[in-house]
Amino acid sequence: MAIESDENLIQNALAGDLLAFKKLVNRHEGKVAGVVRSMLGQTPEAEDVGQEVFIRFYEALGKFRGDSAVSTYLTRIAINLSLNELKRRKRRFFLFAGDDEGHQVAMKDDSHDLNEMLTLEFGKLDADFRTVATLRLVEGYSTEETAELLGIPMGTVMSRLARAQKKLKEGLSKYLKEQA
Amino acid sequence: MKTKMEDLFLQSLDGPLTHEEKERLAQEMLGNHQFKKSADQYLQLREKLKRTEPDTFGPFFAERIVNKIKNMKQEIDYQIFFFFRKYQVALIGIVVALVALNIAFSDQLTLKSILGFEDQNQGDLVTIDFFQDLSN
């Protein structure tokens, strides 16, 4: 059986076929989950944001003109909603200080391996750095694609990437030395 | 690792370098063990960050989305109904008030009088002849 194209599924979903939309969700869940979890970590809000991404996509189906691939379009929504969630989290943190920090300190233990520490250090990056690192280093978009997705110059992407990597290396120097 | 060379190395991972820059980087890699080690750490870091398998939000994620969309549609229908309900109540109120007024002020209680279709006596009607008034 031939695989239905995204465009066909979108047309069917617009005609009211929710099964077609379900196929689209199944097809692109991995990409969206990757971006959102990388931005927000393994938190309960991550799934809420993931759901919101697809709901927004459903509401905007009529406006989707296919200028970019569906996965790119969804990635853009996922990044924007994740950034909003990070802002909300920051506000919450100021209101109820210690909300996230307790969790982070609890994890900062020598017994944790490089993967866990990497997750922890990644979560400490500023939202701007985390965004470029997610797209370029985690999801594997090229530097040009990352710049296009975020609507920023390539030079900015590269400088943010460099700073993000320096910060990560600084935080993980002990773990990297052990395994290098 | 010297900051300039470090920046050059990181730049080489994400963008193009000139021939001259490539040569400088290669020389540093060969001659500086510390620099080579640091560069390897960056490469290790990037390798660790790379996604190796697709992520997921758990089982039945798509079903949850579809259910949410169905619920949203239902909610919109309810919202439309409740939005117009206040107008419906107001309209019914006005009709009841008009009927009550008719009952209160009509001489005889017939269906016609209640609904405001009471026959008028010809003698009660006042006619105004505008043309006659103007000619006078």
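Residues numbered from 1 in each chain as written. Chains lettered and ligands numbered in written order. Predicted model: local features only at pLDDT ≥ 70, side-chain atom pairs only at ≥ 80, totals over all residues. Heavy atoms only, no water.

**Side note on the interface of chain B and chain A**
Here comes step 1: Contact residues are listed per partner, giving 35 residues for chain B and 44 residues for chain A.
Here comes step 2: Taken over both partners, the interface formed by chain B and chain A buries close to 3700 Å², and the fraction arising from carbon and sulfur atoms is 65%.
Here comes step 3: Looking only at chain B, the three residues that lose the most surface to chain A are B:Asp14, B:Leu49 and B:Phe57, adding up to 20% of its buried area.
Here comes step 4: Our count for the contact surface shared by chain B and chain A stands at six salt bridges.
Here comes step 5: Where A:Arg136 meets B:Asp14, a salt bridge forms, and the shortest distance between an N and an O atom there is 2.8 Å. (Contact = heavy atoms within 4.5 Å. Buried area = accessible area lost by both parts, 1.4 Å probe. Salt bridge = Lys/Arg side-chain N within 4 Å of Asp/Glu carboxyl O.)

**Topic: the nonpolar core**
Here comes step 1: Of all hydrophobic cores here, the largest spans 39 residues; its most connected members are A:Phe21, A:Val32, A:Val36, A:Val53, A:Phe54, A:Phe57 and B:Ile65.
Here comes step 2: Contributing elements (two or more residues each) for this core: helix 1 (6–14), helix 2 (18–40), helix 3 (44–59) and helix 4 (70–95) of chain A together with helix 4 (61–105) of chain B.
Here comes step 3: Filtering out sequence-adjacent residues up to four positions away, A:Val36 remains in contact with A:Gly41, A:Ala46, A:Val49, A:Gly50, A:Ala78, A:Ser82 and B:Phe57.
Here comes step 4: One finds A:Val132, A:Ala133, A:Ala162 and A:Leu176 within the second-largest nonpolar core, a separate group that totals 32 residues. (Core = buried A, V, L, I, M, F, W, Y, C linked by side-chain atoms within 4.5 Å. Buried < 20%, exposed > 50% of the residue type's maximum accessible area, 1.4 Å probe, protein only. Helix = DSSP H or I, 4+ residues; strand = E, 2+ residues; numbered from the N terminus.)

**Comments concerning the pattern of salt bridges**
Here comes step 1: Here the structure, examined in full by the defined rule, presents 18 salt bridges over all chains.
Here comes step 2: Between A:Arg37 and B:Asp55 there is a salt bridge, with its nearest N and O atoms 3.6 Å apart. Here the residue A:Arg37 occupies a position in helix 2, and B:Asp55 occupies one in the loop between helix 3 (33–49) and helix 4, the pair thus bridging two chains.
Here comes step 3: For A:Arg37, a relative accessible area of 15% puts it in the buried group.
Here comes step 4: What makes B:Asp55 buried here is its relative accessible area of 17%.
Here comes step 5: Among the salt bridges present, the one from B:Arg51 reaches B:Asp55, with a minimum N-O distance of 3.5 Å.
Here comes step 6: With a relative accessible area of 27%, B:Arg51 lands in the partly exposed category.

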